[in-house]
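Examination of the molecular architecture
Chain by chain, the residues run as shown.
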Amino acid sequence: DQRSFVSQMEFRRSCLGAAGRLMMDIMQFDWEPLGHWELDQRLDQAVEEMIEADLMSSVQAQCNTVLMQVSPQDDLMHYTQEQAQTVTIQVSEEPSSSALQEKPASISLQEEQEEHVSEIEGNPTVQYVTALLQNSNSSHSQSRLTGRARLSLSHTVFLSLTLLTKRLSYRTVSSTFRLEKGNIHRIFFSFCDRVNALQDQLIRWPAGEEAAPHLLPFSSWLGCDERLEEMGLPRVLGVLGHTRIPIRLPLSKQDGESAVPDAKRMKKEPHPDSWLNLELVCNSQGRFIHCRISRGSDRDRGSTLSERLQQNPELILPGTCLLARMGYPLTGHILTPFSPGRSPQENLYNRSVETHLGRFEQAVADLKECFQKLRYLDMGNFERAKAVVLTSCILHNVLLDMGHVTKGQVDTEVREDDEEEGRKEEAGVTLRDTVVNLLYSALEAGTD
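Scope of this entry: the structure provided in the associated data block.

Parameters at a glance
- Residues numbered from 1 in each chain as written.
- Predicted model: local features only at pLDDT ≥ 70, side-chain atom pairs only at ≥ 80, totals over all residues.
- Heavy atoms only, no water.
- Helix = DSSP H or I, 4+ residues; strand = E, 2+ residues; numbered from the N terminus.
- Buried < 20%, exposed > 50% of the residue type's maximum accessible area, 1.4 Å probe, protein only.
- Contact = heavy atoms within 4.5 Å.
- Pairing = 2+ DSSP bridges.
- Polar contact = N/O pair within 3.5 Å; in protein donor to acceptor, adjacent residues only side chain to side chain.
- Phe/Tyr/Trp six-rings, centres within 6.5 Å; stacked < 30°, edge-to-face > 60°.
- Lys NZ or Arg CZ within 6 Å of the ring centre and 35° of its normal.
- Expected span 1.5 Å × (residues − 1).
- Axes fitted to C-alpha atoms, helices over the stretch in contact; angles between N-to-C directions.
- Left-handed = near helix turned anticlockwise from the far one by under 90°.
- Nonpolar A, V, L, I, M, F, W, Y, C, P; charged D, E, K, R; others polar.
- Core = buried A, V, L, I, M, F, W, Y, C linked by side-chain atoms within 4.5 Å.

**Focus on the overall build of the protein**
Helix and strand counts for the protein stand at 16 helices and 5 strands. Taken over 448 residues, the protein has a buried fraction of 40%. Counting contacts in the protein only where the partners sit at least 6 residues apart, residues at least 24 apart contribute 76% of the total.

Now the structure itself:
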């Protein structure tokens, strides 16, 4: 009986814990709570404001006392007329309590507003994105962005770009723009929704001959060889790959992780819900022509894109292909490298492929360098984190259209899931073998 009672209590306790975590997730869906460090900073700010108010009241009392002492009274006057005039001038030059409180604040607020206006008017990126949103045909274009604060569209773009390009908290931006944290939260995600509506317009797969100017020769040392291309050597349309965007683990997952002993937790892989998978295809200019965002637990590596290309063969020009790392499917449209340490022919093929793969890594590094918020998204809601990532990818293409390129440092990630080759299709094996033979025969012909 005692054992059954204990088991019932443990079951009830687990049910209550699960219900509590569910309620926290539901609340978090509509509102991102303050973190512990933000609560501490908010408390520090409140204490500083209280101390400042006490100091101002003491200054006001001292000023009133001095004014009482230097008022003209013949029976208490101990100064000469010249001395009295000197003291009166000195006191009059000192700022009154109202001036201490109101004048500097109004001046500083006005200066900050003028500074923001000058930054916005002189920022070509803000003006370009503002014009893009104003001229878009999306359903959001005619409606004011949500949020109780009435900001102009250019101010909204400036605020949102500040959050995306710098690793700043809502509280820091709140003090800079003199807006409530909740308003900034709503304005920012409304901006993201508005930009996301432009995905089909700005992250677009090139149709037909539109892709021709961006095709690259398969091998840089061969260049464009029409004879080899007629024999089956494809040109490269783009590079397929992925990267991880770390996010805050949801509260329900955090509680589950904390219950695991430390020794076991160290041996475990990071929780898959602690990041997002960002799958991209970039062309020769580093522009994204495909974007797919999924949860960390999603193990799909290009299968969805491969099926799309098979169902719509017109998306791939004849004689072209995509390149991807190991772990992606080897198909008639997607070529992957061999495992290292094999024959000279296959190693030659791998070196040609690696040159193109490096271009994808550079595009991802540029994305994360420009939009530093992607280094860690302090939000546990998948849909909101997805909206921020997609907004960054769209704006990446916008900046390329403007001619702005922010070079980032390539971070070589360890891809344990890519060590083995992915699914192979017969058409892909045949195409890859053809490319290997053509490259090696061209090398032998060049050395003769």
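**Comments concerning the pairing of strand E2 (residues 275-282)**
Within E2, 8 of the 8 residues are buried, which leaves it mostly tucked inside the rest of the structure. Bridge count between strand E1 (residues 235-246) and E2: 8 bridges; the pairing is antiparallel. Bridge assignment links Val239 to a residue of E2, and that residue is Cys282. In this sheet, strand E3 (residues 288-295) lies alongside E2 in antiparallel orientation, the contact comprising 7 bridges. Residue pairing for E3: Asn277 is matched across the bridge by Ser294. The antiparallel hairpin formed by E2 and E3 contains 5 residues in its connecting segment, where Gly286 sits at a positive phi of about 85°.

**A closer look at the environment of Leu161**
Here Leu161 is to be found in helix H6 (residues 153-165). A sequence separation of 234 residues divides Leu161 from Leu395, and the C-alpha atoms of the two residues are 9.6 Å apart. If we ignore the near neighbours within four places in the chain, the residues touching Leu161 are Thr125, Val126 and Leu395.

**Concerning the side chain of Ser154**
Among the secondary structure elements, Ser154 is positioned in helix H6. For Ser154, the side chain forms a polar contact with the side chain of Ser152, separated by 3.2 Å. Other than its neighbours up to four places away in sequence, Ser154 contacts Ile120, Val126 and Thr130.

**Describing the packing of aromatic side chains**
Across all of its chains, the model carries 4 aromatic pairs by this definition. Between Phe218 and Tyr349 the ring centres are 5.9 Å apart and the planes differ by 25°, which places this aromatic pair in the stacked class. In this pair, Phe218 sits in the loop between helix H9 (199-202) and helix H10 (226-230) while Tyr349 sits in helix H14 (residues 344-370), placing the two residues 131 residues apart along the sequence. Comparing Phe218 with Tyr349 shows no difference in burial state: the two are buried. Ring pairs connect the aromatic residues Phe218, Phe338 and Tyr349, which therefore count as one cluster. Just above the ring of Trp275 sits the side chain of Arg244; from NZ or CZ to the centre is 3.9 Å. When the ring centre of Phe189 is taken as reference, the NZ or CZ atom of Arg384 above it lies at 5.4 Å.

**Topic: helix H15 (residues 382-402)**
Its 21 residues give H15 an end-to-end C-alpha distance of 30 Å, which sits within 8% of 30 Å, the value for a rise of 1.5 Å per residue. In terms of residue burial, H15 counts as a mostly covered element, since 16 of its 21 residues are buried. Sitting at the head of H15, Asn381 places a side-chain oxygen 3.1 Å from the backbone nitrogen of Glu383. Following H15 by one or two positions, Gly403 adopts a phi angle in the positive range, close to 85°.

**Some points on the packing of H6 against helix H7 (residues 170-177)**
Running from N to C, H6 and H7 point in directions that differ by 145°, and their axes come no closer than 11 Å. The chirality of how H6 crosses H7 is right-handed. Contacts from Phe158, Leu159, Thr162 and Leu163 of H6 reach H7 at Tyr170, Val173 and Phe177. Of the residues contributing to the contact of H6 with H7, the split by class is 6 nonpolar, 1 polar and no charged.

**What to know about the environment of Ala427**
With respect to the secondary-structure elements, Ala427 resides in helix H16 (residues 426-447). The exposure class assigned to Ala427 is partly exposed, which follows from its relative accessible area of 46%. In the structure, Ala427 is positioned 96 residues away from Thr331 in sequence and 5.9 Å away in space, judged by C-alpha atoms. Once residues lying within four places of it in the same chain are set aside, the contact partners of Ala427 are Thr331 and Gly332.

**What to know about the environment of Asp300**
Here Asp300 is to be found in the loop between E3 and helix H13 (303-311). The class of Asp300 is buried, set by a relative accessible area of 14%. Counting along the chain gives 21 residues from Asp300 to Glu279, while the straight-line C-alpha distance between them is 9.7 Å. Apart from residues lying up to four places away in sequence, Asp300 is in contact with Glu279 and Arg292. Side-chain polar atoms of Asp300 contact the backbone nitrogen of Ser303, separated by 2.9 Å. Of note is the side chain of Asp300, whose polar atom sits 2.7 Å from the side chain of Thr304.

**Some points on the sheet that holds E3**
Read from one edge to the other, the open sheet built from 5 strands follows the order E3-E2-E1-E4-E5, with strand pairing classed as mixed. Looking at the sheet topology across the chains shown, the edges are occupied by E3 and strand E5 (334-335). As paired elements, strand E4 (residues 320-324) and E5 share 2 bridges and run parallel to each other. By the bridge assignment for E5, Leu322 is matched with Ile334. Packed on one face of the sheet, H13 meets E1, E2, E3, E4 and E5 and runs near 135° to E3. Packed onto the sheet, H14 meets E1, E2, E3, E4 and E5 and runs at close to 45° relative to E1.

**Remarks on the nonpolar core**
Grouped together as the largest cluster of nonpolar side chains are 74 residues, with contacts concentrated most on Phe218, Leu278, Leu335, Tyr349, Val389, Cys393 and Leu395. Ranked by the residues each element gives to this core, the list is headed by H15, at 11 residues. Not counting residues up to four positions away in its chain, the partners in contact with Cys393 are Ile203, Leu278, Leu280, Phe288, Cys291 and Leu367. Listed in part, the 16 residues of the second largest apolar core include Leu240, Ile289, Leu315 and Leu322.

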